[in-house]
Amino acid sequence: MMENKNETFTYTYSASQQQEIRHIREKYLPKEPDKMQQLRMLDRSAAKKGTAAAIMIGVIGCLLLGVGMCCTMLWMGQWFIPGVILGLIGIAAVAAAYPLYTRITRKEREKIAPQILKLTEELSKPE
């Protein structure tokens, strides 16, 4: 005699759960360098040194300008001429920040140009 067994298989699919599983799994997989990501990182790195130097020079220039203004406006008398000189040095530093940025960025781009060109050639080839 045959027994009638009701065996059923149930499966619940959750797209959000699968996406979360995939996201967690990707954290633990070894990272393979993506060429497009490398290209973006190289391009961003070209401007980092120039940006840092320009910000530093700009901030120092602003501070010198402020000290110079303070000397001329508050401590008149013997501090007037040194205040004017400090203010002019500060203005010159602020004015030099952008040319400094462009010069450093240009030099950095020249350094990494072969890598950038190699990556762009590899990425533009049809596979």
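From a predicted model like this one, the values you see are computed outputs, not experimental measurements.

Rules of the game
Residues numbered from 1 in each chain as written. Predicted model: local features only at pLDDT ≥ 70, side-chain atom pairs only at ≥ 80, totals over all residues. Heavy atoms only, no water. Helix = DSSP H or I, 4+ residues; strand = E, 2+ residues; numbered from the N terminus. Buried < 20%, exposed > 50% of the residue type's maximum accessible area, 1.4 Å probe, protein only. Contact = heavy atoms within 4.5 Å. Areas by Shrake-Rupley, 256 points an atom, 1.4 Å probe, with all protein chains shown as cover. Salt bridge = Lys/Arg side-chain N within 4 Å of Asp/Glu carboxyl O. Core = buried A, V, L, I, M, F, W, Y, C linked by side-chain atoms within 4.5 Å. Polar contact = N/O pair within 3.5 Å; in protein donor to acceptor, adjacent residues only side chain to side chain.

Q: Describe in detail the overall build of the protein chain, supporting the description with residues and values.
A: Helix and strand counts for the protein chain come out as three helices and zero strands. Secondary structure elements in the protein chain, listed N-terminal to C-terminal, are α-α-α. Counting the 127 residues in the protein chain, one finds 17% classified as buried. Of the contacts made within the protein chain by residues no fewer than 6 positions apart, 76% connect residues no fewer than 24 positions apart. Total accessible area on the protein chain is roughly 11,000 Å²; 62% of this is exposed by carbon and sulfur atoms.

Q: Got a sec to walk through the pattern of salt bridges? Specific residues and values, please.
A: Here the structure, examined in full by the defined rule, presents two salt bridges. Across the salt bridge formed by Glu-108 and Lys-49, the nearest N and O atoms sit 3.6 Å from each other. Of this pair, Glu-108 sits in helix H3 (residues 80-124) while Lys-49 sits in helix H2 (residues 35-73); the two residues are 59 residues apart in sequence, bridging distant segments of the chain. Residue class for Glu-108 comes out buried when judged on its relative accessible area of 12%. Between Lys-111 and Glu-108 there is a salt bridge whose closest N-O contact spans 3.4 Å.

Q: Talk me through the nonpolar core; I want residue IDs and the actual numbers.
A: Core analysis: the largest hydrophobic core is formed by six residues, namely Leu-39, Leu-42, Ala-46, Ile-112, Ile-116 and Leu-119. Broken down by secondary-structure element, the contributors of at least two residues to this core are H2 and H3. When neighbours within four sequence positions are excluded, Leu-39 is seen to be in contact with Ile-116, Leu-119, Thr-120 and Leu-123.

Q: Lay out the side chain of Thr-72 in plain terms, naming residues and giving numbers.
A: With respect to the helices, strands and loops of the structure, Thr-72 is situated in helix H2. There is a polar contact of 2.9 Å between the side chain of Thr-72 and the backbone oxygen of Met-69. If near-sequence neighbours (up to four positions away) are discounted, Thr-72 is found in contact with Phe-80, Gly-83 and Val-84.

Interpretation note: all reported values are geometric properties and have no functional meaning in isolation.
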